Amino acid sequence: MTNPTTPLLPEMPEIWQQTLNWQPTAQQQAQFQRLYELILEGNRQLNLTRITEPHEFWEKHLWDSLRGIAPQMRFISSLQTGASVIDIGTGAGFPGIPVGIAVPNCTVTLLDSTRKKITFIEKILTELALTNTNTLMGRAEEIGQQSQHRQSYDIALIRAVGTVSVCAEYALPLLNQGGLAIIYRGNCTEDEITTLQTTVKQLGGVVESIEQFLTPISTSIRHCLYLRKTATTPANFPRAVGVPTQKPL
Ligand code: SAM
């Protein structure tokens with residue numbers, strides 16, 4: 001049931017086409033609109049996001065979430081059985097929910113350590129009838145050591161959860177060999193990239209590419225860092241809860 005008092009999100013078909021070579025169907029646009037409404041409603045009780053204006057929500061939550069997987073979108077859409085994707089520290093569901101909407105044949109797991117966020121997201125998934133997307137409550141440090149999750153995902157997404165080294169330590173243990181971690185960043189310094197190269201090697205991966213781009217409305221700088229898992233991650237990673245942030249690699 002849509003709420004007639006919620007502002008309409010912009011559709012932006014030309015921008016989707018030019019930047020991602022993709023456009024939402026009418027059903028996907030309706031799911032984006034319902035997601036927006038539910039997040040505005042949820043914001044009254046939970047501190048979910050400060051991004052509430054429709055153009056800003058479109059750019060910073062919808063477009064930004066999908067821009068990170070743009071190079072992979074064709075790839076994951078074409079996999080017959082569907083790629084398995086995990087969004088680590090999903091918060092209100094970003095980037096994982098837009099990915100689940102845009103790529104229906106992939107399976108998306110939304111991981112967060114906060115119960116109230118997971119409960120809220122479960123309500124969203126039911127309302128959107130998003131059957132390819134599920135939730136997981138826990139800390140990335142613990143989930144990454146559990147056999148049912150370790151080395152189990154093709155793609156790990158992680159946005160606004162920590163420094164690039166912390167993100168790498170959370171993400172790489174969860175990936176299958178050959179899998180890809182995508183770290184979404186605003187700005188990213190040369191020093192961070194140099195440190196990351198050493199960190200990623202310790203975790204059994206390589207920094208495959210780094211993309212810098214501008215967002216299409218506010219022209220803000222963004223970076224996406226693509227880390228490929230090339231070897232088994234040593235068993236001691238991820239380290240115990242809190243250690244990756246207290247003693248970054
Ligand atoms: N990814 C979302 C986004 O970009 O809008 C949310 C970012 S929010 C700033 C960070 C989220 O990561 C919070 O919801 C927090 O509970 C979660 N988080 C932080 N550390 C975590 C950990 N070690 N394991 C799982 N979730 C974590």
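About the thresholds
- Residues numbered from 1 in each chain as written.
- Predicted model: local features only at pLDDT ≥ 70, side-chain atom pairs only at ≥ 80, totals over all residues.
- Heavy atoms only, no water.
- UniProt positions renumbered as here; feature names shortened; annotations may be inferred.
- Helix = DSSP H or I, 4+ residues; strand = E, 2+ residues; numbered from the N terminus.
- Contact = heavy atoms within 4.5 Å.
- Polar contact = N/O pair within 3.5 Å; in protein donor to acceptor, adjacent residues only side chain to side chain.
- Buried < 20%, exposed > 50% of the residue type's maximum accessible area, 1.4 Å probe, protein only.
- Phe/Tyr/Trp six-rings, centres within 6.5 Å; stacked < 30°, edge-to-face > 60°.
- Lys NZ or Arg CZ within 6 Å of the ring centre and 35° of its normal.
- Core = buried A, V, L, I, M, F, W, Y, C linked by side-chain atoms within 4.5 Å.
- Pairing = 2+ DSSP bridges.
- Axes fitted to C-alpha atoms, helices over the stretch in contact; angles between N-to-C directions.
- Right-handed = clockwise from strand over helix to strand, strands pointing away.
- Salt bridge = Lys/Arg side-chain N within 4 Å of Asp/Glu carboxyl O.

(A) Just the UniProt feature "binding site: S-adenosyl-L-methionine" (unreviewed entry) in the protein chain, in detail. Residues given the UniProt feature "binding site: S-adenosyl-L-methionine" (unreviewed entry) here are G89, F94, D112, S113, T114, A140, E141 and R159. Within the element layout of this structure, D112 appears in strand 2 (residues 107-112). Residues contacting D112, with those up to four places away along its chain left out, are G89, T90, G91, K117, I118, L136, M137 and G138. At 3.4 Å, the side chain of D112 and the backbone nitrogen of T90 are in polar contact. Position of A140 among the secondary structure elements: in helix 7 (residues 140-143). Of the residues examined, A140 reaches a relative accessible area of 8% and is grouped as buried. Discounting residues that sit within four places of it in the chain, A140 has contacts with I88, L111, Y170 and P238.

(B) How the structure looks around the packing of aromatic side chains. On inspection of all chains with the given rule, the structure shows six aromatic pairs. Ring plane angle 65° and centroid distance 5.1 Å describe the contact between W16 and W58, whose orientation is recorded as edge-to-face. Of this pair, W16 sits in helix 1 (residues 13-20) while W58 sits in helix 3 (residues 54-68), placing them 42 residues apart in sequence. As far as the burial class goes, W16 and W58 line up, both buried. Seen from their ring centres, F57 and F94 are 5.9 Å apart, and the 80° between their planes marks the pair as edge-to-face. Of this pair, F57 sits in helix 3 while F94 sits in the loop between strand 1 (84-88) and helix 5 (96-102), and the two are 37 residues apart along the sequence. Here F57 matches F94 in class, with each residue buried. One aromatic cluster is present, built from ring pairs that chain together W16, W22, F32 and W58. Just above the ring of F213 sits the side chain of R67; from NZ or CZ to the centre is 4.0 Å.

(C) Region of the structure containing the side chain of R159. As for its position among the elements, R159 is in strand 4 (residues 153-159). At 2.9 Å, the side chain of R159 and the side chain of H61 are in polar contact. For R159, the side chain forms a polar contact with the side chain of D64, separated by 2.7 Å. R159 has contacts with K60, H61, D64, S65, I88, G89, F94, P95 and Y184, leaving out every residue within four places of it along the chain.

(D) Structural context of the nonpolar core. Counting 48 residues, the largest nonpolar core has W16, L66, I69, I97 and I182 as the members making the most contacts within it. The contacts of I182, once residues within four sequence positions are left out, are G68, I69, Q72, I155, A156, L157, I158, C224, L225 and Y226. Judged by nonpolar contacts, the second largest core, of 28 residues, contains A156, I158, L174 and I193.

(E) Main features of the sheet that holds strand 7 (residues 221-229). Pairing in this open sheet of seven strands is mixed, and the strands run 3-2-1-4-5-7-6 from one edge to the other. With partners counted over all chains shown, the strands left at the sheet margins are strand 3 (133-137) and strand 6 (205-214), one partner each. Taking each pair of neighbouring strands and ignoring which way they run, the sheet shows an average axis angle of 20°. In terms of strand pairing, strand 5 (residues 175-185) meets strand 7 through six bridges, oriented antiparallel. By the bridge assignment for strand 7, I182 is matched with Y226. Along the sheet, helix 6 (residues 115-128) makes contact with strand 2 and strand 3, crossing strand 3 at roughly 165°.

(F) The pairing of strand 1, seen in detail. Taken across its five residues, strand 1 has five buried, putting it largely inside the fold. On strand 1, burial covers both faces: S84, I86 and I88 on one face and V85 and D87 on the other are all buried. Bridge count for strand 1 against strand 2 is five bridges, and the pairing is parallel. The partner of S84 across the bridge, within strand 2, is T107. Considered for its hand, the β-α-β crossover made up of strand 1, helix 5 and strand 2 is right-handed.

(G) Here's a closer look at the pattern of salt bridges. The tally for this structure, following the rule as stated, stands at ten salt bridges. One salt bridge connects E127 with R34, and the closest N-O pair in it is separated by 2.8 Å. Taken together, the positions of E127 in helix 6 and R34 in helix 2 (residues 26-42) put the pair 93 residues apart, joining distant regions of the chain. Overall, E127 belongs to the partly exposed group, its relative accessible area being 38%. Taken together, the salt bridges that share partners define one network made up of R34, E37 and E127.

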